[in-house]
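Below are the chains, spelled out letter by letter.
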Amino acid sequence: MLKVDNIDVFYGNIHALKDVSLEVNEGEIVTLIGANGAGKSTLLKTLSGLLKPKKGVVLYQSQQIGGKPAQAIVKNGISHVPEGRRVFSTMSVEENLELGAYLRNDREGIKKDMANVYELFPILGERRKQPSGTLSGGEQQMLAMGRALMAKPKLLLLDEPSMGLAPLIVKKIFEIIKMVNEQGTTVLLVEQNANMALSIANRAYVIETGKIVLSGTAKELQESEQVKAAYLGGL
Ligand code: ATP
């Protein structure tokens, strides 16, 4: 479904992604794990059209999308939930969700997807009229995910959904990611929380200072001494 081939991405002189290649097959949850500053967000921003690769190819459903405008990429079925879950805080929960569907005009489908989001995240239904700035961190993460789902993506890009959240909330969010995947959405999940990410992923890549240094099935990486030492806190 997605094939990233030898891409290089720069911020001015800073070489943030170095010859990065990875693949996501339809139906999978693939995770990219790595420390602060490794280049995880940069990769997602490149996939969703916010950054342009200087070299290499990004193929999505066999079409080259590297460097295409973000709006065209969303239209093609890729939605990005950015790090830090930027919701529109003065707008209500419902208005935020409606914004997620701004490129669609199938009213019935939008209504159905809104109902599905409220089913996945019942708390959002309870808070639908509330300004989203008043939601807790976990609820805002749910809203950011719900908003992305309103675009009816085939591929969902999630940037550190666990960031700054209590373990119980993280567990819940990961359960929902699994449910979304089971409903047919392919997921590329970027995480520092390697433990949780590997627990739901099919396959994984490890990125260090802009380079992919390891890849395999989630199980292989969970058992890898290198991953255990660096990312699983010796578990
Ligand atoms: P984090 O979890 O801390 O966000 P990350 O793995 O997502 O880490 P990136 O945000 O992709 O890392 O950053 C990769 C590298 O690019 C870092 O060295 C970072 O300092 C640099 N970088 C990121 N954004 C910019 C920018 N706008 N201008 C210059 N350098 C940047």
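All of these numbers come straight from a predicted model, not from anything done at the bench.

*Asks:* I'd love a proper account of the overall build of the chain, names of residues and values included.
*Replies:* For the chain, the count of helices and strands is 10 helices and 10 strands. The C-alpha atoms of the chain give 17 Å as radius of gyration, which agrees with the globular expectation for 235 residues (18 Å, within 12%). Overall size of the chain, expressed as C-alpha extent along the three principal axes, is 45 × 40 × 30 Å. Taking as baseline every contact in the chain between residues at least 6 positions apart, the subset at least 24 positions apart corresponds to 67%. If you sum the accessible surface of the chain, you get close to 11100 Å²; carbon and sulfur atoms cover 51% of it. Of note, the chain has its 28 positive side-chain charges centred 4 Å away from the centre of its 25 negative side-chain charges.

*Asks:* Explain the sheet that holds strand S5 (residues 63-64) to me, using residue names and the numbers behind them.
*Replies:* Strand order in this open sheet of 4 strands is S2-S1-S4-S5, and the pairing throughout is antiparallel. Edge positions in the open sheet fall to strand S2 (14-24) and S5, since each of these has one partner strand only. One ladder, built from 2 bridges, connects strand S4 (residues 55-60) with S5; its direction is antiparallel. Paired with Tyr60 across the two strands is Gln63, which belongs to S5. In the packing of helix H1 (residues 40-47) onto the sheet, contacts are made with strand S1 (2-11), S2 and S4, and the angle to S1 comes to roughly 115°.

*Asks:* I'd like to hear about the nonpolar core, residue by residue, with values.
*Replies:* Grouped together as the largest cluster of nonpolar side chains are 45 residues, with contacts concentrated most on Phe121, Leu124 and Ile177. Not counting chain neighbours up to four residues away, the residues in contact with Leu124 comprise Val93, Val117, Tyr118, Leu135, Glu139, Met142 and Leu143. Core analysis: the second largest hydrophobic core is formed by 26 residues, Leu44, Leu47, Ile73 and Ile78 among them.

*Asks:* With reference to specific residues and values, describe the site of the ligand.
*Replies:* Around the ligand, a shell composed of 14 residues is seen, among which Asn36, Gly37, Ser41, Thr42 and Glu160 lie nearest. In the model, an oxygen atom of the ligand is placed 2.8 Å from a nitrogen or oxygen of the Lys40 main chain. A distance of 3.1 Å separates an oxygen atom of the ligand from a polar atom in the side chain of Glu83. Relative to its free-state accessible area of 630 Å², the ligand is covered by the protein chains to the extent of 63%.

*Asks:* Talk me through H1; I want residue IDs and the actual numbers.
*Replies:* Most of H1 is tucked away: 7 of the 8 residues are buried. Looking at H1, one finds that the buried residues are Lys40, Ser41, Thr42, Leu43, Leu44, Thr46 and Leu47. Immediately beyond the C-terminal end of H1, within one or two residues, lies Gly49, with a positive phi of roughly 90°.

*Asks:* Give a description of the sheet that holds strand S10 (residues 211-217) that names residues and reports values.
*Replies:* In a beta sheet, neighbouring strands are held together by backbone hydrogen bonds and run either parallel or antiparallel to one another. Spatial strand order, S6-S7-S8-S3-S9-S10: 6 strands in an open sheet with mixed pairing. The strands lining the two open edges of the sheet, one partner per strand, are strand S6 (78-81) and S10. On average, adjacent strands in this sheet sit at an angle of 15° to one another, irrespective of strand direction. As defined by bridge partners, strand S9 (residues 203-208) adjoins S10 across 6 bridges and the pair is classed as antiparallel. Bridging across to S10, Val206 finds its partner in Leu214.

*Asks:* Quick rundown of the pattern of salt bridges? Include the residues and the values.
*Replies:* Per the stated rule, a full pass over the model turns up 14 salt bridges. A salt bridge links Lys55 to Asp19, with the nearest nitrogen and oxygen atoms 2.9 Å apart. Residue Lys55 is found in strand S4, and its partner Asp19 is found in strand S2; the two are separated by 36 residues along the sequence. One network of salt bridges, with partners in common, ties together Arg104, Asp106, Asp113 and Lys152.

Conventions used here
Residues numbered from 1 in each chain as written. Predicted model: local features only at pLDDT ≥ 70, side-chain atom pairs only at ≥ 80, totals over all residues. Heavy atoms only, no water. Helix = DSSP H or I, 4+ residues; strand = E, 2+ residues; numbered from the N terminus. Rg over C-alpha atoms; globule rule 2.2 N^0.38 Å. Contact = heavy atoms within 4.5 Å. Areas by Shrake-Rupley, 256 points an atom, 1.4 Å probe, with all protein chains shown as cover. Lys, Arg positive; Asp, Glu negative; His and termini not counted. Charge placed at Lys NZ, Arg CZ, Asp CG, Glu CD. Pairing = 2+ DSSP bridges. Axes fitted to C-alpha atoms, helices over the stretch in contact; angles between N-to-C directions. Core = buried A, V, L, I, M, F, W, Y, C linked by side-chain atoms within 4.5 Å. Buried < 20%, exposed > 50% of the residue type's maximum accessible area, 1.4 Å probe, protein only. Near = heavy atom within 4 Å. Polar contact = N/O pair within 3.5 Å; in protein donor to acceptor, adjacent residues only side chain to side chain. Salt bridge = Lys/Arg side-chain N within 4 Å of Asp/Glu carboxyl O.

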